[in-house]
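Okay, here's what each chain looks like letter by letter:
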Amino acid sequence: GAGVSQSPSNKVTEKGKDVELRCDPISGHTALYWYRQSLGQGLEFLIYFQGNSAPDKSGLPSDRFSAERTGGSVSTLTIQRTQQEDSAVYLCASSSSPVNSYNEQFFGPGTRLTVL
Amino acid sequence: AQSVTQLDSHVSVSEGTPVLLRCNYSSSYSPSLFWYVQHPNKGLQLLLKYTSAATLVKGINGFEAEFKKSETSFHLTKPSAHMSDAAEYFCVVSDPGAAGNKLTFGGGTRVLVKP
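Each value, and the rule that gives it
- Residues numbered from 1 in each chain as written.
- Chains lettered and ligands numbered in written order.
- Predicted model: local features only at pLDDT ≥ 70, side-chain atom pairs only at ≥ 80, totals over all residues.
- Heavy atoms only, no water.
- Contact = heavy atoms within 4.5 Å.
- Buried area = accessible area lost by both parts, 1.4 Å probe.
- Salt bridge = Lys/Arg side-chain N within 4 Å of Asp/Glu carboxyl O.
- Polar contact = N/O pair within 3.5 Å; in protein donor to acceptor, adjacent residues only side chain to side chain.
- Helix = DSSP H or I, 4+ residues; strand = E, 2+ residues; numbered from the N terminus.
- Nonpolar A, V, L, I, M, F, W, Y, C, P; charged D, E, K, R; others polar.
- Disulfide = S-S within 2.5 Å.
- Buried < 20%, exposed > 50% of the residue type's maximum accessible area, 1.4 Å probe, protein only.
- Core = buried A, V, L, I, M, F, W, Y, C linked by side-chain atoms within 4.5 Å.
- Pairing = 2+ DSSP bridges.
- Phe/Tyr/Trp six-rings, centres within 6.5 Å; stacked < 30°, edge-to-face > 60°.

Chemist: Where do I start with the interface of chain B and chain A in this structure?
Modeler: A common way to report how large an interface is uses the accessible area buried once the components associate. Taken together, the contact between chain B and chain A spans 19 residues of the former and 20 residues of the latter. Counting the surface lost from both chain B and chain A, the interface buries some 1600 Å², and carbon and sulfur atoms represent 53% of this. Connecting chain B to chain A are one salt bridge. One salt bridge connects lysine 102 of chain B with aspartate 56 of chain A, and the closest N-O pair in it is separated by 2.9 Å. Seen at the junction of chain B and chain A, the total is five residue pairs in polar contact (both at pLDDT 80 or more). Ranked by the residues each element gives to the side of chain B that touches chain A, the list is headed by strand β5 (residues 32–38) of chain B, at four residues. By residue class, the composition of the side of chain B that touches chain A is eight nonpolar, nine polar and two charged.

Here's what the structure looks like:
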């Protein structure tokens, strides 16, 4: 079956530009997560959506980062006024309900963002 | 707060020899623990998970891990390495006391398998 998909796979942008990264979770998964994988910080949590509840934004590094999840399915991560330190691989994951610590999160292949 | 420490950033083994990847965790609660593998230019794939049912957990591709509460460890092992095991491995903890099942990742261990 279809897994988590992300687009684009690679994105090169200039410092100061805005970028949008897209995630399509596994059909029927109500929980969606964004993580960032960078050389200096490793893998870190960014934001979490569960159904129609307000998202948990506690991992977003600055107010330049935002995310939406429309219709409880597709999510878009937006980075405004990109900086070179935003260069990283952005990973999306989804999991089924009930959301508890036992449920596996299924990861997409990631979007590699390079800010010049 | 929870944290994960992977004690080796790189491990090099010969094909056919055992693999040991070390992981120590810190958690305020009885945690759920996972090992994920990431092959080059691929997404993260779950190898195995500990959810308190049994302390010795068997995963895919011949990997297993043992949860030792007294040592706060969750080391990953495989009796005989294969060339296809060359990848980066992440030890991950999920705190059941925290809402949303956010994962905390270790720094990763890159495994090199020599022929």
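Chemist: Mind showing me how you'd approach the state of the cysteines here?
Modeler: One way to say it: the disulfide is the covalent bond shared by the sulfur atoms of two cysteines. Applying the stated criterion across every chain yields a total of two disulfides over all chains. The disulfide bridge from cysteine 23 of chain A ends at cysteine 92 of chain A, spanning 1.8 Å between sulfur atoms. Looking along the S-S bond of the cysteine 23 of chain A-cysteine 92 of chain A disulfide, the torsion reads about -65°, which is the left-handed sense. A residue pair is termed long-range when its members are at least 10 positions apart, and cysteine 23 of chain A in strand β3 (residues 19–24) and cysteine 92 of chain A in strand β8 (residues 88–95) qualify at 69 residues. For the pair shown, cysteine 23 of chain A and cysteine 92 of chain A are each scored as buried. Linked covalently through their sulfurs, cysteine 23 of chain B and cysteine 91 of chain B form a disulfide whose S-S length is 2.0 Å. Given an S-S torsion of about -65°, the disulfide between cysteine 23 of chain B and cysteine 91 of chain B has left-handed geometry. In this pair, cysteine 23 of chain B is assigned in strand β4 (residues 23–26) and cysteine 91 of chain B in strand β10 (residues 87–94), connecting sequence segments 68 residues apart. Of the residues examined, cysteine 23 of chain B reaches a relative accessible area of 0% and is grouped as buried.

Chemist: Would you mind going over the nonpolar core with me for this structure?
Modeler: The tendency in soluble globular proteins is for nonpolar side chains to be buried side by side. Core analysis: the largest hydrophobic core is formed by 26 residues, its most contacted members being Leu21, Trp35, Leu47, Leu48, Phe74, Leu76 and Tyr89 of chain B. Beyond its immediate chain neighbours, meaning those up to four positions away, phenylalanine 74 of chain B contacts Cys23, Leu33, Phe34, Trp35, Leu48, Tyr50, Val57, Ala65, Glu66, Phe67 and Cys91 of chain B. In this structure, Ile47, Leu77, Tyr90 and Leu113 of chain A belong to the second largest nonpolar core, which totals 20 residues.

Chemist: Any chance you could explain the pairing of strand β6 (residues 65–69) of chain A here in plain terms?
Modeler: The two faces of the sheet receive side chains in turn, since in a regular strand these alternate between them. Residues and elements named next belong to chain A. Alternating residues of β6 divide into Phe65, Ala67 and Arg69, all buried, and Ser66 and Glu68, none buried. Sheet topology places β6 next to strand β7 (residues 75–79); five bridges connect them, and they run antiparallel. Note on β7: the bridge partner recorded for glutamate 68 is threonine 76. Counted between consecutive antiparallel strands, the loop separating β6 from β7 contains five residues, among which glycine 71 sits at a positive phi close to 65°.

Chemist: Would you explain the pattern of salt bridges in this entry?
Modeler: Charged atoms that come close allow side chains of opposite charge to pair. All names here are of chain A. Within this structure, the stated rule accounts for nine salt bridges over all chains. For glutamate 14, the salt bridge goes to lysine 17, with nearest N and O atoms at 3.6 Å. Judged by relative accessible area, lysine 17 falls into the partly exposed class, the value being 44%.

Chemist: Teacher, can you tell me more about the pairing of strand β1 (residues 3–6) of chain B here?
Modeler: Residues and elements named next belong to chain B. Burial along β1 is one-sided: the face carrying Val4 and Gln6 is buried and the face carrying Ser3 and Thr5 is not. Across four bridges, β1 lies against β4 in antiparallel orientation. The partner of threonine 5 across the bridge, within β4, is asparagine 24.

Chemist: Just checking my understanding: could you explain the packing of aromatic side chains for this structure?
Modeler: Here the distance between the centres and the angle between the planes together describe a pair of aromatic rings. Residues and elements named next belong to chain A. Enumeration according to the criterion identifies 13 aromatic pairs over all chains in this entry. Between tyrosine 33 and tyrosine 48, the ring centres sit 4.9 Å apart and the planes meet at 25°, which makes this aromatic pair stacked. Here tyrosine 33, found in strand β4 (residues 31–38), pairs with tyrosine 48, found in strand β5 (residues 42–50); they are 15 residues apart in sequence, far enough to count as distant. On the basis of relative accessible area, tyrosine 48 is assigned to the buried category, the value being 11%.

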